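Now for the letters of each chain:
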Amino acid sequence: MNPYLRPCGVEYSLLCSIIIVVIWNDVCTVPGSKPIASNSKLEKKPRSARVKPMNHFSVDCGQAHKGLFLGVAVLAATIVSLMIFKGLFQKEKHVELALLTINVWETILFVLMSVGSAACLQCMSTLSSLKRYPGLPLEHALLLVTQCGVYLYYLFQIIGAGFSIQKFPSARRATRIISPLCAVIQSSCQTLLVLDAWSRRSAGREDRPGRQLVTFLLVSNFSLWMLNRVKNARAEFHPLQMEFYGVWAWTIITHVSVPLLVCYRFQATVCFYEIWKNSYKRKKEYDSELDEIELNKLDSA
């Protein structure tokens, strides 16, 4: 179980480091350096009327069923692919077939998510955007830091496969390059989507453009998180790269980049949940959210 649990320690350390940096930034802020926001409409409201009860929690799942159904189908297909991969990889004569099977499914999933991210970005561009405030949210900081691990891991895969591609039949060469390349494109599109959609709000609109796609991407990222936990946690699951770089070099690359890769998928899932929850609130919930933002600004100032 050690290869599968090792990324947990790295994720915990990374999360603690980012939180400490955020705390340090808040504590070391010079008093009075941030402008105090004033809102006459907000000041007229009694403070007790603007405080949301702590025991009140509601989730609106409207216009998300199609994306949820497709996401669950992807999750089920991922589980089946992992079972087939683990079963075939244990037999030496079926190792290549196991790698081909999982690489084909990864490529399909990356393409679907890339198209979904681009379509979602287009749909959510019609939503209004809240005013951005100085500072990088904790979720974005974690996402950008772990994005480096995604680039590191898949670029090393592409380089190793590019120099060793002639050793494989022509029918299997494509997946050695296309799968990691699609992963780089997909993660880049997804990060851009998260950064753009984070401050988007429907502002009480009846239609909710892009929510089906956000739901699909949320569940799909969880599927990739699970796939990366099993497939990429062990260096021997990539014999081509291990042969090119050497056992020790590829093991070091895997131990450095895979925890960040796994953490990226988990963090992307969290970000999409926040977008799914906050970007499509009803009019009443949207107004109370604006009041809460103003309250936080006044309290922090």
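Computed from a prediction, not measured in an experiment: that's the story for all the values here.

Undergrad: How should I be thinking about the overall build of the chain in this particular structure?
TA: Regarding its fold elements, the chain presents 11 helices and 2 strands. The order of helices and strands in the chain, counted from the N terminus, is α-α-α-α-α-β-α-α-β-α-α-α-α. Counting all 301 residues of the chain, 43% fall into the buried class. Counting every atom, the chain has about 16100 Å² of accessible surface; 68% of that belongs to carbon and sulfur.

Undergrad: Is there a simple way to explain the UniProt feature "transmembrane region" (unreviewed entry) in the chain in this structure?
TA: In the UniProt entry, the feature "transmembrane region" (unreviewed entry) is given for residues 12–32, 67–85, 97–121, 142–165, 210–227 and 247–276. Summarising residues 97–121: 100% helix, 0% strand, and an end-to-end C-alpha distance of 36 Å.

Undergrad: What is the right way to read the packing of aromatic side chains from this model?
TA: What describes a pair of aromatic rings is the distance from one ring centre to the other and the angle between the planes of the rings. In total, this model carries 8 aromatic pairs according to the counting rule given. Ring geometry for tyrosine 273 and tryptophan 276: centres 6.5 Å apart, planes at 20 degrees, overall stacked. You can see tyrosine 273 and its partner tryptophan 276 sitting in helix α10 (residues 247–278), 3 residues apart, about one turn around the helix. In this structure tyrosine 273 comes out as partly exposed when scored by relative accessible area, which is 29%.

Undergrad: Teacher, can you tell me more about α10 here?
TA: An α-helix turns once every 3.6 residues. As a result, residues three or four positions apart point the same way. Its 32 residues place the ends of α10 46 Å apart at the C-alpha level, agreeing with the 46 Å of an ideal helix rising 1.5 Å per residue. The sharpest bend along α10 measures roughly 30 degrees and falls at serine 257, with the proline proline 259 sitting one to four residues further on.

Undergrad: Would you mind going over the packing of helix α5 (residues 95–124) against helix α8 (residues 211–231) with me for this structure?
TA: Each pair of packed helices can be summarised by the angle the axes make with each other and by the distance between the axes. The interhelical angle for the contact between α5 and α8, taken along N-to-C directions, is 150 degrees, at an axis separation of 10 Å. The pairing of α5 with α8 is recorded here as roughly antiparallel in orientation. Between α5 and α8 the crossing geometry is left-handed. Classifying every residue of the contact of α5 with α8 by side-chain character gives 16 nonpolar, 6 polar and 2 charged.

Undergrad: How should I be thinking about the packing of α8 against α10 in this particular structure?
TA: Axis separation between α8 and α10 bottoms out at 8 Å; the angle between their running directions is 160 degrees. In terms of orientation, α8 lies roughly antiparallel with respect to α10. Relative to α10, the crossing made by α8 is left-handed. Packed against α8, whose contacting residues are Arg211, Val214, Thr215, Leu217, Leu218, Asn221, Phe222, Leu224, Trp225, Asn228 and Arg229, the element α10 presents Leu261, Val262, Arg265, Phe266, Ala268, Thr269, Phe272, Tyr273, Ile275 and Trp276 at the interface. Partitioned by chemical class, the residues of the contact of α8 with α10 number 14 nonpolar, 4 polar and 3 charged.

Undergrad: Looking at this model, I keep getting lost on the side chain of glutamate 106. Mind explaining?
TA: Within the fold, glutamate 106 resides in helix α5. Non-local contacts of glutamate 106, meaning those with residues more than four positions away in its chain, are made with Ser179, Leu227, Asn228, Lys231 and Asn232.

Undergrad: Teacher, can you tell me more about helix α4 (residues 65–89) here?
TA: Over its 25 residues, α4 runs 36 Å from end to end, which matches the ideal 36 Å to within 8%, given 1.5 Å per residue. Looking at the buried residues of α4, the elements they touch are α5 and α8.

Undergrad: Can you help me understand the environment of valine 95 in this one?
TA: Within the element layout of this structure, valine 95 appears in helix α5. Once the C-alpha coordinates of valine 95 and phenylalanine 237 are considered, the two residues, 142 residues apart in sequence, prove to be 9.2 Å apart. Beyond its immediate sequence surroundings of up to four residues, valine 95 is in contact with Leu88 and Phe89.

Undergrad: Explanation requested: the pattern of salt bridges in the structure shown.
TA: Close approach of charged atoms allows side chains of opposite charge to pair. Going through the model one piece at a time under the given rule, you end up with 2 salt bridges. Between lysine 277 and glutamate 274 there is a salt bridge whose closest N-O contact spans 3.8 Å. Of the two residues, lysine 277 and glutamate 274 both sit in helix α10, 3 residues apart, roughly one turn of that helix.

About the criteria used
Numbering of residues begins from 1 in every chain and follows the order in which that chain's sequence is written. Where totals are concerned, whole chains, interfaces and linings use all residues; where local detail is concerned, this predicted model gives features only for residues with pLDDT of at least 70, and gives and counts side-chain atom pairs only at 80 or more. Heavy atoms from the whole structure form the basis of all side-chain values; hydrogens and water molecules are not counted. Only runs of H or I of at least four residues qualify as helices and only runs of E of at least two qualify as strands under DSSP, and these elements are numbered from the N terminus. Exposure categories follow from relative accessible area, calculated using a 1.4 Å probe and restricted to protein chains: below 20% of the type maximum is buried, above 50% is exposed, and the middle band is partly exposed. Here the open area of atoms and residues is found with the Shrake-Rupley method and a 1.4 Å probe, where only the protein chains shown may cover a residue. UniProt positions are given in the numbering used here, feature names are shortened, and annotations may be inferred rather than shown by experiment. By convention, a stacked pair of Phe, Tyr or Trp rings (six-membered ring in the case of Trp) has centres within 6.5 Å and planes under 30 degrees apart, an edge-to-face pair has planes over 60 apart, and any other such pair is tilted. Here the expected span of a helix is defined as 1.5 Å times the quantity of residues minus one. Bend, in this description, refers to the angle at a residue between axes fitted to the seven residues ending there and the seven starting there. Helix axes are fitted to C-alpha atoms over the stretch in contact, other axes to C-alpha atoms as well, and angles between N-to-C directions run from 0 to 180 degrees. Put simply, angles under 35 degrees are roughly parallel, angles over 145 are roughly antiparallel, angles from 65 to 115 are roughly perpendicular, and the rest are oblique. Should the near helix be turned anticlockwise from the far one by less than a right angle, the crossing is termed left-handed; should it be turned clockwise, right-handed. Just so you know the grouping, Ala, Val, Leu, Ile, Met, Phe, Trp, Tyr, Cys and Pro go in nonpolar, Asp, Glu, Lys and Arg go in charged, and all remaining residues, Gly too, go in polar. A contact between two residues is defined here by any heavy atoms of the two lying within 4.5 Å. Between Lys or Arg on one side and Asp or Glu on the other, a salt bridge is scored when a side-chain nitrogen of the former is within 4 Å of a carboxyl oxygen of the latter.

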